[in-house]
Amino acid sequence: MEQAAGWPAVGGSYPQKNAEILSSQYGINLFLAGLLLTFAWAVHAVGISKSHLLSYLITLMLIQLLWMLWYLCRSCTQRRLIRDKDTHAGARWLKCGITLFAVITLILDSFKIGYYIDFSNCLSPTEGIFPVTHAVHTILQVYFLWCHAKDVIQSFKTLERFGVIHSVFTNLLLWTNGVLTESKHQLNEHKERLITLGFGNITIVLDDHAPQCNCTTTTLCSIFSQGIYYLYPFNIEYHILASTMLYVLWKNIGRKVEHHQQNKTPFKFHGITVGMIFGLIVLTSTIAIVVVYLIQIGGSKIKSELALTMFYLHAIFVLALMCTAGIVALLIYRLEDRSLDNSKNPARKLDAELLVGTAAGSWLLSWGSILAIICAQGHPKYTWYNLPYSVLVIIEKYIQNLFIIESIHREQEKVNDDIKTLRIVTISRGSTLSLSPLYKEIYNGRAARDSGDVPCLFTGSICERENDGAGVAKEETSQDNSLVMHSASDFSFYSKNSVTNNKRRILKNIAAFLFLCNLSLWIPPAFGCRPEYDNGLEEIVFGFEPWIIVVNLAMPFSIFYRMHSAASLFEVNCKT
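Rules and cut-offs
- Residues numbered from 1 in each chain as written.
- Predicted model: local features only at pLDDT ≥ 70, side-chain atom pairs only at ≥ 80, totals over all residues.
- Heavy atoms only, no water.
- UniProt positions renumbered as here; feature names shortened; annotations may be inferred.
- Helix = DSSP H or I, 4+ residues; strand = E, 2+ residues; numbered from the N terminus.
- Buried < 20%, exposed > 50% of the residue type's maximum accessible area, 1.4 Å probe, protein only.
- Contact = heavy atoms within 4.5 Å.
- Areas by Shrake-Rupley, 256 points an atom, 1.4 Å probe, with all protein chains shown as cover.
- Phe/Tyr/Trp six-rings, centres within 6.5 Å; stacked < 30°, edge-to-face > 60°.
- Axes fitted to C-alpha atoms, helices over the stretch in contact; angles between N-to-C directions.
- Parallel < 35°, antiparallel > 145°, perpendicular 65-115°, else oblique.
- Left-handed = near helix turned anticlockwise from the far one by under 90°.
- Nonpolar A, V, L, I, M, F, W, Y, C, P; charged D, E, K, R; others polar.
- Salt bridge = Lys/Arg side-chain N within 4 Å of Asp/Glu carboxyl O.

- The name given to the chain in an unreviewed UniProt entry is OTOP1 protein, and the organism recorded there is Machaerirhynchus nigripectus.
- Entered under Sequence similarities (unreviewed entry) in the UniProt record, the comment concerning the chain runs "Belongs to the otopetrin family."

This is the structure we're talking about:
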């Protein structure tokens, strides 16, 4: 009756579009409730404690665990069924990356368990239950993503939409909780450094959530409490990566997949030596800069100013190199005539949106710094280096986003089937029919070196060379003329192919260099080297609290941008 009236009978009583809307609204409300709890705990709201927040997160993780177990059990019972797969989702290198972050997250959970044991007299039981639940959640989720990140779900679609979107926003809330905890720790250290830099007019009130009792083992407590904050950056990246992979899984539910073979694009070190060398130099120097910065900052006013100057000069040099590399890559693309792949691809679309969306975080900080430099009445010498640094951050992200988005949308170069299947057949003296090397290899001189015979080129027929007859002179003459004609056209093809290979080699080196540079620029803010905090000029212009709110909101996106860019550039290197 419903079908006769024009109602679509898809997946149950509700159309699938309605199911998508309902599940997305469920996830958003789930996230907003958790976000409000997190904010209430952060500002010490009356009647809200950390145990309330952790209880909410534990409940969400347990629900996700039940859903994943149900999905895995159902998958095992239907193992023989052929399922659609999204070949673009859940790349192996992405799974390896999330596994690495998950292992470090498990170490973080073990530190939290040890911390709870040492302070068990005055901590809520939820602070001991949370890391245990989180560890189990991490192990099962990584296994789930390894096995099912590529799935295109076609059964129980309405139920699965709610399960997957629940998992997405659970990971986003865990990411938010990690970001807030790590930011509060960084903020306390920042307030102490401001006194050293001489900004005495800023009110310094430490936001302390430390336990109100003594530790049973002082040495272990110190190791656990300090180690936790050095491991948080990896935990933060783990949850944001998990949420993006699960979001792609959610978008793929009920999707009709085009069945075509995707070319495998393995990563190879061959041909990217120059980019790797320069990238490793940048990475090594960045680590050295971060170590010196963290040692010097807050030691004295002179040491702090020298640390900031050193950081700005190094960052300006690296960003200038990255801008140059990105411009060269874009110029090479302008010289090529290759079409873009505009087919529907949720993973690729999400990558592009995340690049532009998360770049807005650092753009906000950069424009704030530029405005502060323009409007400030007094300018310490080291603050002037912040101007070119902020300008280059804006330009570099703009160029890099263009390069990455165009790279992931470009169609891969296809090898001509005639060239790919062409084989040169020769009949050498006293031997049977044999296949010679590939067509391309002959013009590299390999065939000529390996065999003393001149190969015969042909299209569809076998050219034989007779050795015992006087009447072969005319045939050899005609074959030689044909060989000369083929050689001329093939030399033109080889020259064009050589130019293309040189362009590809340059692009691969640029992608490798930018990959290592983005990893390098991820390290400083992730591990506490944040001049946006320590500069002090912005806080005088905008006020301490407003600027700190801006930094705390924008910094997590800026940090994620670098890691996401590195992952995208790794993919670009594989595809090029």
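What follows continues from the structure just given.
Here we look at the overall build of the chain
Turning to step 1, where the next piece is worked out: Helices and strands together make up the secondary structure of the chain, namely 17 helices and two strands.
Turning to step 2, where the next piece is worked out: A buried classification covers 47% of the 576 residues belonging to the chain.
Turning to step 3, where the next piece is worked out: Here the analysis covers contacts within the chain between residues at least 6 apart in sequence; of these, 85% occur between residues at least 24 apart.
Turning to step 4, where the next piece is worked out: When the accessible area of the chain is evaluated, it comes to approximately 29500 Å², of which 64% is carbon and sulfur surface.

Description of the packing of aromatic side chains
Note on aromatic pairs: each is described by the distance of the centres and the angle between the planes.
Turning to step 1, where the next piece is worked out: As enumerated under the stated definition, the model contains 22 aromatic pairs in all.
Turning to step 2, where the next piece is worked out: Relative to Phe169, the ring of Phe31 has its centre 5.9 Å away and its plane inclined at 45°; by these criteria the two rings are tilted. With Phe31 in helix α1 (residues 16-42) and Phe169 in helix α5 (residues 157-197), this pair connects stretches of sequence that are 138 residues apart.
Turning to step 3, where the next piece is worked out: The buried category is assigned to Phe169, whose relative accessible area is 13%.
Turning to step 4, where the next piece is worked out: A network of ring pairs unites the aromatic residues Phe101, Phe234, Trp522 and Phe527 as a single cluster.

Concerning the packing of helix α6 (residues 218-251) against helix α9 (residues 346-375)
Turning to step 1, where the next piece is worked out: As a packed pair, α6 and α9 sit with axes 9 Å apart at the nearest point and diverge in direction by 135°. The angle between α6 and α9 places the two elements in the oblique class. When the axes of α6 and α9 are compared, the crossing they make is right-handed. Along the contact surface, α6 presents Thr244, Tyr247, Val248 and Lys251, while α9 presents Pro346, Ala347, Leu350 and Leu354.
Turning to step 2, where the next piece is worked out: In terms of residue class, the contact of α6 with α9 is made up of six nonpolar, one polar and one charged.

A look at the pattern of salt bridges
Turning to step 1, where the next piece is worked out: Under the definition given, this model contains six salt bridges.
Turning to step 2, where the next piece is worked out: Here Glu20 and Arg161 are joined by a salt bridge, their closest N and O atoms 4.0 Å apart. In this pair, Glu20 is assigned in helix α1 and Arg161 in helix α5, connecting sequence segments 141 residues apart. Exposure class is identical for Glu20 and Arg161. Each is buried.
Turning to step 3, where the next piece is worked out: The closest approach of N and O atoms between Glu20 and Lys251, which form a salt bridge, is 3.6 Å. With a gap of 231 residues between them, Glu20 in helix α1 and Lys251 in helix α6 connect regions that are remote in the sequence.
Turning to step 4, where the next piece is worked out: Classification of Lys251 as partly exposed rests on a relative accessible area of 34%.
Turning to step 5, where the next piece is worked out: Taken together, the shared-partner salt bridges connect Glu20, Arg161 and Lys251 into one network.

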